[in-house]
Amino acid sequence: MPKDQVVELLYRVGGRLASYGNQAADGTGLRFSQLFLLYEMLRWRPETDGALSVSALAKKLGFSKSSICTTVQALKGMGYLTQNVSGSDSRKKEIALTPKARACEAAVAGQMQALDTRLCTGLSRQALEAVRHALFQIVENMQQPSPQVP
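The structure displayed is predicted, hence computed values, not measured ones. (Residues numbered from 1 in each chain as written. Predicted model: local features only at pLDDT ≥ 70, side-chain atom pairs only at ≥ 80, totals over all residues. Heavy atoms only, no water.)

Let's talk about the environment of Val131
What counts, and what does not: Helix and strand assignments follow DSSP, with helices taken as H or I runs no shorter than four residues and strands as E runs no shorter than two, numbered in order from the N terminus.
For Val131, the location among the structural elements is in helix 8 (residues 125-141). For the pair Val131 and Val54, spaced 77 residues apart in sequence, the C-alpha to C-alpha distance is 30 Å.

Below is the structure:
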């Protein structure tokens, strides 16, 4: 039986991570995608002052603007984010963390750390560093245009 290609394994991991993350986030009132976005915005707060446009956020995360918008709308509805017009261009909106979001920073970071620890159980320090290095390289490779199938 042939070994799975990396793309197959990544596809499976992506499909399972949301479900696994939702189980881990159970009890927080957030879905994993919401917890993840909140975590990233809190993590980037020192360099962004806690505010980003949807386009900038999508670019930083490597996700589509439509998927980011869905999550942002949910977090706005729960009081974690606000969305305001940015400067003189009424079409450009900036997403900002609310005091409620900033107040739960330690809990969000703890939840993400616990999930990270659980997912990496059984990996040696060397294996974990190799996985991180490989995943960073794959993400970098994905910044290039996709190959066209003949």
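Some thoughts on the packing of aromatic side chains
Going by this rule: Stacked, tilted and edge-to-face are the three classes applied to pairs of Phe, Tyr and Trp rings, where Trp contributes its six-membered ring and a pair requires centres within 6.5 Å; stacked means planes under 30 degrees apart, edge-to-face means over 60, and tilted covers the rest. Any residue under 20% of the maximum accessible area for its type is buried, any over 50% is exposed, and the rest in between are partly exposed; the area is computed with a 1.4 Å probe on protein chains only. Lysine and arginine charges are scored as sitting over a ring when NZ or CZ, respectively, is within 6 Å of the ring centre and within 35 degrees of the ring normal.
Summed over all chains, the structure comprises two aromatic pairs. When the centroid spacing of 6.3 Å and the interplanar angle of 40° are considered together, the rings of Phe32 and Phe36 count as tilted. Separated by four residues within a single helix, Phe32 and Phe36 lie in helix 2 (residues 32-43), roughly one turn from each other. Overall, Phe32 belongs to the buried group, its relative accessible area being 11%. Joined through ring pairs, the aromatic side chains of Phe32, Phe36 and Phe63 make up one cluster. Over the face of the ring belonging to Tyr80 we find Lys100, whose NZ or CZ atom lies 4.5 Å from the ring centre.

Description of the confidence of the model for the protein chain
Worth spelling out the cut-off: Scored between 0 and 100, pLDDT is the confidence that the predictor attaches to each residue.
Summing up the model confidence of the protein chain, the mean pLDDT is 88 and the portion of residues at 70 or higher is 96%. Taken element by element, the predicted model of the protein chain shows its lowest mean pLDDT in helix 3 (residues 45-48) (80) and its highest in helix 6 (residues 99-103) (94).

Digging into the side chain of Thr71
The criterion, for reference: In protein, a polar contact requires one atom able to donate a hydrogen and another able to accept it; more generally it is a pair of N or O atoms within 3.5 Å, and residues adjacent in sequence count only if both atoms are side-chain atoms. It only takes one pair of heavy atoms within 4.5 Å for two residues to be counted as in contact.
With respect to the element layout, Thr71 can be found in helix 5 (residues 65-77). Judged by its relative accessible area of 10%, Thr71 falls in the buried class. Here Ser67 takes part through its backbone oxygen, which lies 3.3 Å from a polar atom of the side chain of Thr71. Dropping the residues within four chain positions of it, Thr71 is found in contact with Ser33, Gln34 and Leu37.

A few points about the environment of Gly21
Tracing the backbone shows Gly21 in helix 1 (residues 6-25). When its relative accessible area of 1% is taken as the criterion, Gly21 is described as buried. In sequence terms Gly21 and Arg31 are ten residues apart; their C-alpha atoms lie 7.7 Å from each other. Once you skip the residues sitting within four places of it in the chain, Gly21 turns out to touch Phe32 and Leu115.

Quick notes on the nonpolar core
Counted only if it meets this: In this description, a nonpolar core means a group of buried Ala, Val, Leu, Ile, Met, Phe, Trp, Tyr and Cys residues linked to one another through side-chain atoms lying within 4.5 Å.
Counting residues in each nonpolar core, the largest one holds 26 residues, and the members touching the most others are Leu37, Leu38, Leu57, Ile68 and Leu81. When contributions to this core are tallied by element, the ones reaching two or more residues are helix 2, helix 4 (54-61), helix 5, strand 3 (89-97) and helix 7 (105-119). Broken down by element, this core gets its largest block of residues, six residues, from helix 2. Ignoring sequence-local partners within four residues, the contact set of Leu38 consists of Leu30, Leu75, Tyr80, Leu97, Ala101, Cys104 and Val108.

A few points about the sheet that holds strand 1 (residues 51-53)
Quick reminder of the rule: Paired strands, in this sense, are two strands between which DSSP finds at least two bridges. Fitted lines through C-alpha atoms serve as axes, helices being fitted only where they are in contact, and the angles separating the N-to-C directions of these axes extend from 0 to 180 degrees.
Pairing within the open sheet is antiparallel, and its three strands lie in the order 1-3-2. In the strand order of this sheet, the two ends are held by strand 1 and strand 2 (81-86), each with one partner. Direction aside, the axes of adjacent strands within the sheet are offset by 35° on average. Relative to strand 3, strand 1 runs antiparallel, the two sharing three bridges. Counterpart to Ala51 in the pairing with strand 3 is Ala96. Against the sheet, helix 4 makes contact with strand 1, strand 2 and strand 3, and its axis sits at roughly 90° relative to strand 1, the strand it touches most. Of the strands in this sheet, strand 2 and strand 3 touch helix 5, which is tilted by about 115° from strand 2.

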